[in-house]
Amino acid sequence: MTVLTTSPSWHQLAAHHARIKDIHLRTLFAEDPGRAERFVAEGAGLFLDYSKNRITDETLALLLRLAEERGVTARRDAMFAGEKINVTERRAVLHIALRAPRGVRIDVDGADVVPDVHRVLDAMAAFAARVRDGRFTGHTGRRIRNVVNIGIGGSYLGPEMAYRALRPFSDRSMTFRFVANVDGADFTEATHDLDAAETLFIISSKTFTTLETMTNAAAARTWLVQKLGAEAAVARHFAAVSTNLPGVTAFGIDPTNTFGFWDWVGGRYSMDSAIGLATMIAVGPENFGAMLAGFHAMDEHFRTAPPARNLPLLLGLLTVWYNNFFGAQTVGVMPYAAPLARLPAYLQQLQMESNGKHVDLDGRVVVYQTAPIIWGEPGTDGQHSFYQLLHQGTKLVPCDMIGFCRPLSPLAAQHDLLMANLFAQAEALAFGKTAAELTAEGSPDFQTPFRVTEGNRPTNVILADTLDPATLGSLVALYEHSVFTQGAIWAIDSFDQWGVELGKVLAGRIIPELGHGAEPELTHDASTNALIRHYRKRRG
Ligand code: F6P
């Protein structure tokens, strides 16, 4: 593939950027109020208003041409066809198969994977139903009331985010906890008030080798056996989700409580696989199915909607526009929905582990920026902490603002306050307030320079009717495919994560060096050696 920066539309975009970069959104709207109707797109239950971006019709045409030149749709079709587009691991990338309805055919190496997906979904549904209705009991015959998911990264962020988002749909008689960190405080805090006789641990790990998860799983086994006084209790209190079934068996988890998935599902794309078992137990198989249908609806939208109306494509291209032409380093994601508090953390892994890459598909070091840093907090909380920088700071931070037209809470009047704030922030960020306006409003002269709010800060506003399972599915798939689009433009492998390996290897080397008793000679750099010595001395 040709180097991105040599493609004709890249040059045209650079020249176009130089022409329009200083045009204010106020001017763009004054000269073309129709953009509010034109720069919108709808699909899979989501409505995207991208009119408050620093773009014109020409920008959009050039970005769409860039997508064409970079073969985004061909790459998308290759993904949907099960081709091994994860080139560095020689794997297919088929999270879209996890939500394919029965009867759809998707082949990997000549074999249809969809029947297998549904076989696992059916097994999960049967297990979840038995846990929920009390037929699956613990070692002492008591009903399971607590579910503790032990996993990290993609085996944690999705289940926790989805549980929080869909809590109103969950079984309120049950408690759900999520343990990820190898810091023992995480496990201790999650279990301190739980009755072991009523607790089910789900060990979620694609590889079943991850240090944090294996350590916490061992802690859980010790805790359970100590509390219930019988090794045999493990069989009734542990379930596992993994692609490494021999690893699960070696750990001693009953194969009938084990749910598999496949190497063509990336960890950060796995919340709708068996990794979602905790989510399914919480909200029930039917709601989980509705979430999968939401994912699938967005998959179909991405696959079939024309480029100019294709939500993930547009969102991905706009991210490229700010990242590569305006030099924006970050993207803020602000869900105006308290239950989506963990969405920014979820999207951090999705975007930054997928597209935080420094070489292209041919192994050449890239000469352009790849993934932006994703961050965010729910509105309105963020307004009272970091929005000051968004409005008046020196950095350009494009933001996605996500809101819902109907509340799930019975406090409906508060929902209007919430949404008023979303609309107000997007308006203030775009249009700001000039010195002349401030003076007309009676601002004292000495304060005016400090109160001027420049505006011209871009936002995407994403609206849906209500935060239900289907909407959550389509929202997550929207971002999955936006990340895909960006990776395709940058010609990187969005589905490997080699960068996380070095730290794991070095930690493995340091662990025995911290060991109590013999303290082996240290052969790291001077700083690491000194830190380890300090720790050894001070740890008590
Ligand atoms: O170290 C990064 C990573 O491999 C992620 O890609 C993954 O989601 C996470 O660790 C957990 O891995 P596993 O599910 O294999 O325990």
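The sections below set out a description of the structure shown in this document. (Residues numbered from 1 in each chain as written. Predicted model: local features only at pLDDT ≥ 70, side-chain atom pairs only at ≥ 80, totals over all residues. Heavy atoms only, no water.)

Moving on: a nonpolar patch on the surface. A cluster of nonpolar side chains, namely Val182, Leu211 and Ile511, defines an oily patch on the protein surface of about 240 Å² accessible area. With respect to the element layout, Val182 can be found in the loop between strand 6 (175–179) and helix 8 (184–191). By relative accessible area, which is 39% here, Val182 ends up partly exposed. (Patch = residues over 30% accessible without salt bridge, like charges linked within 9 Å, V, L, I, M, F, W, Y side chains within 5 Å. Areas by Shrake-Rupley, 256 points an atom, 1.4 Å probe, with all protein chains shown as cover. Salt bridge = Lys/Arg side-chain N within 4 Å of Asp/Glu carboxyl O. Helix = DSSP H or I, 4+ residues; strand = E, 2+ residues; numbered from the N terminus. Buried < 20%, exposed > 50% of the residue type's maximum accessible area, 1.4 Å probe, protein only.)

Around the ligand, the surrounding shell holds 14 residues, and the nearest of these are Ser155, Ser205, Lys206, Thr207 and Thr210. Measuring from an oxygen atom of the ligand, one finds a side-chain N or O atom of Thr210 at 2.5 Å. Its free accessible area being 390 Å², the ligand has 88% of it covered by the protein chains. When the residues that make up the shell around the ligand are grouped by side-chain class, the tally is two nonpolar, nine polar and three charged. (Near = heavy atom within 4 Å. Polar contact = N/O pair within 3.5 Å; in protein donor to acceptor, adjacent residues only side chain to side chain. Nonpolar A, V, L, I, M, F, W, Y, C, P; charged D, E, K, R; others polar.)

Looking now at the sheet that holds strand 8 (residues 238–242). Taken in spatial order, the five strands of this open sheet run 6-5-7-8-9, and their pairing is parallel. Of all strands in the sheet, those with a lone pairing partner are strand 6 and strand 9 (258–260), marking the two edges. For this sheet, the mean inter-axis angle between neighbouring strands, taken without regard to orientation, is 15 degrees. Sheet contacts for helix 6 (residues 114–133): strand 7 (199–204), strand 8 and strand 9; angle to strand 9, the most-contacted strand, approximately 150 degrees. (Pairing = 2+ DSSP bridges. Axes fitted to C-alpha atoms, helices over the stretch in contact; angles between N-to-C directions. Contact = heavy atoms within 4.5 Å.)

To continue, consider the sheet that holds strand 13 (residues 459–464). One key point about sheets: their strands pair by backbone hydrogen bonds, in either a parallel or an antiparallel sense. Spatially, 1-2-13-12-10-11 is the arrangement adopted by the six strands of the open sheet, whose pairing is mixed. Each edge of the open sheet carries a strand with a single partner, namely strand 1 (40–43) and strand 11 (373–375). Mean inter-strand twist for the sheet, computed between neighbouring axes without regard to direction, equals 15 degrees. By the bridge criterion, four bridges tie strand 2 (residues 46–49) to strand 13 in an arrangement that is antiparallel. Residue Leu46 lies in a different strand from strand 13, and its bridge partner there is Ala464.

Applying the stated criterion to the full structure yields 23 aromatic pairs. Measuring from ring centre to ring centre gives 5.3 Å for Phe127 and Phe259, while their planes differ by 50 degrees; the resulting arrangement is tilted. Taken together, the positions of Phe127 in helix 6 and Phe259 in strand 9 put the pair 132 residues apart, joining distant regions of the chain. The residues Phe127 and Phe259 share a single accessibility class, namely buried. Ring geometry for Tyr163 and Phe176: centres 5.1 Å apart, planes at 40 degrees, overall tilted. Highlighted residues: Tyr163 in helix 7 (residues 157–165) and Phe176 in strand 6, separated in sequence by 13 residues. Overall, the relative accessible area of 8% leaves Tyr163 in the buried class. (Phe/Tyr/Trp six-rings, centres within 6.5 Å; stacked < 30°, edge-to-face > 60°.)

The next point concerns the pairing of strand 10 (residues 330–335). Burial runs high along strand 10: six of the six residues are buried. Burial of the side chains of strand 10 extends over both faces: Thr330, Gly332 and Met334 are buried on one face and Val331, Val333 and Pro335 on the other. Considered for its hand, the β-α-β crossover made up of strand 10, helix 14 (residues 343–355) and strand 11 is right-handed. Pairing of strand 10 with strand 12 (residues 399–404), which is carried by four bridges, proceeds in the parallel orientation. Its bridge partner lying in strand 12, Gly332 is registered against Cys399. (Right-handed = clockwise from strand over helix to strand, strands pointing away.)

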